[in-house]
Amino acid sequence: MTAKQVLVASNRGPVSYSPADDGSLVAKRGGGGLVSGLSALGPEAGTWVCAALGEGDREAAGHHGGRLPEADTGGQAVRMLDIPAETFDAAYNGVANSVLWFVHHLLYQTPFEPVFDAAFEKQWAGYEAYSEAFADALADEAERGAAVLVQDYHLSLVPGLLRQRRPDLRIGHFSHTPWAPPELFRILPDAVARQVLTGILGADRAAFLTRRWADAFAACCADVLGAEVGPDGSVTYGGRTTRIGVHRLGADAGFLRERAFRPDVDERLAGLRKQVGDRRTVVRVDRTELSKNIVRGLHAFRRLLTDSPEWRGRVTHVAFAYPSRQDLEVYRAYTAEVSRVADGINAEFAEGDWTPVVLHVRDDFARSLAAYRMADVALVNPIRDGMNLVAKEVPVVSERGVALVLSTEAGAAAELSDDAIMVNPYDIRGTAEALHRALSMPADERERRTKRLAAAATALPPSRWFLDQLTALREG
């Protein structure tokens with residue numbers, strides 16, 4: 001390889017392992033923008049550094065000294081770090097998903113939480129050790145002058161740590177989440193807030209999904225660190241300047257349109273249509289992630305049936321709420337609440353062969369695509385979201401045109417607001433009225449909007465999103 005070598009670092013890698021009945025390990029490759037972007041690089045693609053997420057991953061990493069067989073990875077060089085389970089849990093569950101995610105998505109009930117005590121200090125030490133392991137591995141793997149693309153809030157300390165080890169590298173960091181405004185970012189302990197910011201500022205370039213999140217990061221740097229923010233949005237601190245970029249992530253149109261019309265999707269579509277009959281559909285597809293706002297969406301659907309009784313028996317809410325992060329108690333409670341509210345709506349309104357809410361909780365990608373195809377209305381109402389690809393994917397494969405009800409707090413709103421029906425995600429009445437408007441939209445208007453939504457959603461495919469980041473990093 002040459003100095004054009006490109007490395008990627010992310011918590012989750014492009015392949016995961018699970019045990020088979022005979023005790024062997026089965027590799028499952030994932031997709032997404034990083035996978036397609038690295039594939040487009042050809043010989044420039046260097047090592048992908050990731051963490052072992054479970055026992056199957058740990059076993060695979062142990063068998064191969066951390067370097068996975070390319071037969072399992074599709075030819076990609078992958079180094080999987082077997083970070084001690086206690087350290088990984090502290091970093092991933094204790095800090096990344098229970099603190100940083102909550103801060104950026106505004107999820108804390110601040111009269112009660114967070115409490116940054118000795119237990120948190122121990123978890124933060126685990127996050128630091130986890131970050132050091134990534135920085136050591138990247139420093140070891142990278143050739144002189146290589147480009148390193150560090151991904152997301154799990155690895156916010158890594159750019160600064162890697163800069164200390166290898167000042168010759170071109171380092172980029174990309175945040176897939178929103179970024180909290182300064183007054184909410186300051187929830188973090190002062191030393192931690194400074195460490196997160198200076199960690200990312202160790203990069204030559206820090207990039208975000210929207211200008212809103214990029215500006216919030218720069219504002220935090222100015223407010224917390226006293227950094228200088230230039231007219232171009234760049235941040236100067238400690239004698240270094242980090243350029244700030246924005247790269248919107250689009251839907252992969254080719255993949256979606258091919259995958260959504262395979263036989264397994266047709267089969268699931270037939271099953272859903274049998275459940276729903278000839279009724280109109282309001283579709284949502286989400287993980288039971290707190291920020292996705294599923295419970296308020298259900299309350300809004302109940303309000304629709306209460307305030308607009310003409311829709312009773314004529315519309316079904318097809319809700320896919322796939323359990324997420326069930327090792328955290330607050331997520332288990334939220335998942336249970338989703339089922340409780342859905343059951344309550346059905347108990348209150350169901351009649352004859354009409355079930356108002358059809359709730360599915362088992363993850364099934366083919367069934368999700370089937371729901372995309374049949375949706376008359378797509379409800380995407382997150383409290384906050386870095387982008388939200390569901391909002392972009394549904395219009396791409398919709399069969400009859402779809403009316404998109406979209407939260408103002410989704411990053412996708414920056415691109416889709418002209419043709420979506422926008423809602424305040426906290427406003428139950430406003431969301432119910434938006435659902436009524438969406439269900440009442442004439443078919444020709446819905447079709448025109450869908451075409452424009454699909455064009456906007458696919459303007460920046462994942463491979464271009466990745467390569468644009470790389471080009472901008474190298475040019476700086």
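What you are looking at is a predicted structure, and each value in this text was computed from that prediction instead of being measured. (Residues numbered from 1 in each chain as written. Predicted model: local features only at pLDDT ≥ 70, side-chain atom pairs only at ≥ 80, totals over all residues. Heavy atoms only, no water.)

Draft legend 1. Broad picture of helix α13 (residues 329-349). Spanning 21 residues, α13 covers 31 Å between terminal C-alpha atoms, matching the ideal 30 Å at 1.5 Å per step. Residues Tyr331, Tyr334, Thr335, Val338, Val341, Ala342, Ile345, Asn346 and Phe349 constitute the buried set of α13. Seen from one end, α13 has its buried residues packed into an arc of 135 degrees, which puts them on one side. Residues Glu329, Arg340, Asp343 and Ala347 are exposed on α13 and point more than 90 degrees away from its buried face. (Helix = DSSP H or I, 4+ residues; strand = E, 2+ residues; numbered from the N terminus. Expected span 1.5 Å × (residues − 1). Buried < 20%, exposed > 50% of the residue type's maximum accessible area, 1.4 Å probe, protein only. Arc of directions from axis to C-beta.)

Draft legend 2. Representation of the nonpolar core in the model. Core analysis: the largest hydrophobic core is formed by 160 residues, its most contacted members being Phe134, Trp179 and Phe185. Top element by residues in this core is helix α4 (residues 85-104). It accounts for 10 residues. Those residues in contact with Phe185 that lie beyond four places of it in its chain are Val103, His104, Trp179, Ala180, Ala193, Val196, Leu197, Cys220 and Val224. (Core = buried A, V, L, I, M, F, W, Y, C linked by side-chain atoms within 4.5 Å. Contact = heavy atoms within 4.5 Å.)

Draft legend 3. Up close: the pattern of salt bridges. Within the structure shown, the criterion is met by 39 salt bridges. For the salt bridge of Arg302 with Glu348, the shortest nitrogen-to-oxygen distance reads 3.3 Å. Placement of the pair is Arg302 in helix α12 (residues 294-307) and Glu348 in helix α13, with a sequence separation of 46 residues. Where Lys392 meets Glu415, a salt bridge forms, and the shortest distance between an N and an O atom there is 3.0 Å. Taken together, the residues Lys392 in helix α15 (residues 390-397) and Glu415 in helix α16 (residues 413-416) connect sequence positions 23 residues apart. (Salt bridge = Lys/Arg side-chain N within 4 Å of Asp/Glu carboxyl O.)

Draft legend 4. Molecular detail of the side chain of Asn11. You can see Asn11 is positioned in the loop between β1 (6-9) and β2 (15-19). The buried category is assigned to Asn11, whose relative accessible area is 4%.

Draft legend 5. Local environment of unusual backbone geometry. Residue Pro114 follows Glu113 across a cis peptide bond; omega there is 0 degrees. Within the secondary structure, Pro114 sits in the loop between α4 and α5 (118-141). Phi at Leu106 takes a positive value of approximately 60 degrees, unusual for a residue other than glycine. Note on placement: Leu106 falls in the loop between α4 and α5. The backbone of Asn388 sits at a positive phi, close to 85 degrees, despite the residue not being glycine. Along the chain, Asn388 turns up in the loop between β15 (377-380) and α15.

Draft legend 6. Highlighting α15. Of all the eight residues making up α15, eight are buried; the element is thus mostly covered by neighbouring parts of the structure. Within the sequence span of α15, burial applies to Val390, Ala391, Lys392, Glu393, Val394, Pro395, Val396 and Val397.

Draft legend 7. The environment of Arg296, seen in detail. Residue position: Arg296 is located in helix α12. On the basis of relative accessibility, which here comes to 29%, the residue Arg296 falls in the partly exposed class. A C-alpha to C-alpha distance of 9.0 Å links Arg296 and Thr431, two positions 135 residues apart in sequence. Sequence-distant contacts of Arg296, that is, excluding residues within four places in its chain, are made with Asn381, Ile383, Pro425, Tyr426 and Ile428. Of the polar contacts made by the side chain of Arg296, one reaches the side chain of Asn293; its length is 2.8 Å. (Polar contact = N/O pair within 3.5 Å; in protein donor to acceptor, adjacent residues only side chain to side chain.)

Draft legend 8. Examining the pairing of β1 more closely. Burial along β1 is two-sided: the face carrying Val6 and Val8 and the face carrying Leu7 and Ala9 are both buried. Summarising the sheet, β1 and strand β4 (residues 45-51) pair through three bridges and their orientation is parallel. Opposite Val6, over in β4, you have Ala45 as the bridge partner. (Pairing = 2+ DSSP bridges.)

Draft legend 9. View of the packing of helix α8 (residues 190-201) against helix α9 (residues 211-225). Interaxial distance between α8 and α9 falls to 10 Å at its minimum, and their mutual angle equals 125 degrees. With respect to their mutual orientation, α8 and α9 come out oblique. Viewed along their axes, α8 and α9 form a crossing whose handedness is left-handed. Residues Ala193, Arg194, Leu197, Thr198, Ile200 and Leu201 of α8 form the contact with α9, whose participating residues are Phe217, Cys220, Cys221, Val224 and Leu225. Broken down by class, the residue content of the contact of α8 with α9 amounts to nine nonpolar, one polar and one charged. (Axes fitted to C-alpha atoms, helices over the stretch in contact; angles between N-to-C directions. Parallel < 35°, antiparallel > 145°, perpendicular 65-115°, else oblique. Left-handed = near helix turned anticlockwise from the far one by under 90°. Nonpolar A, V, L, I, M, F, W, Y, C, P; charged D, E, K, R; others polar.)

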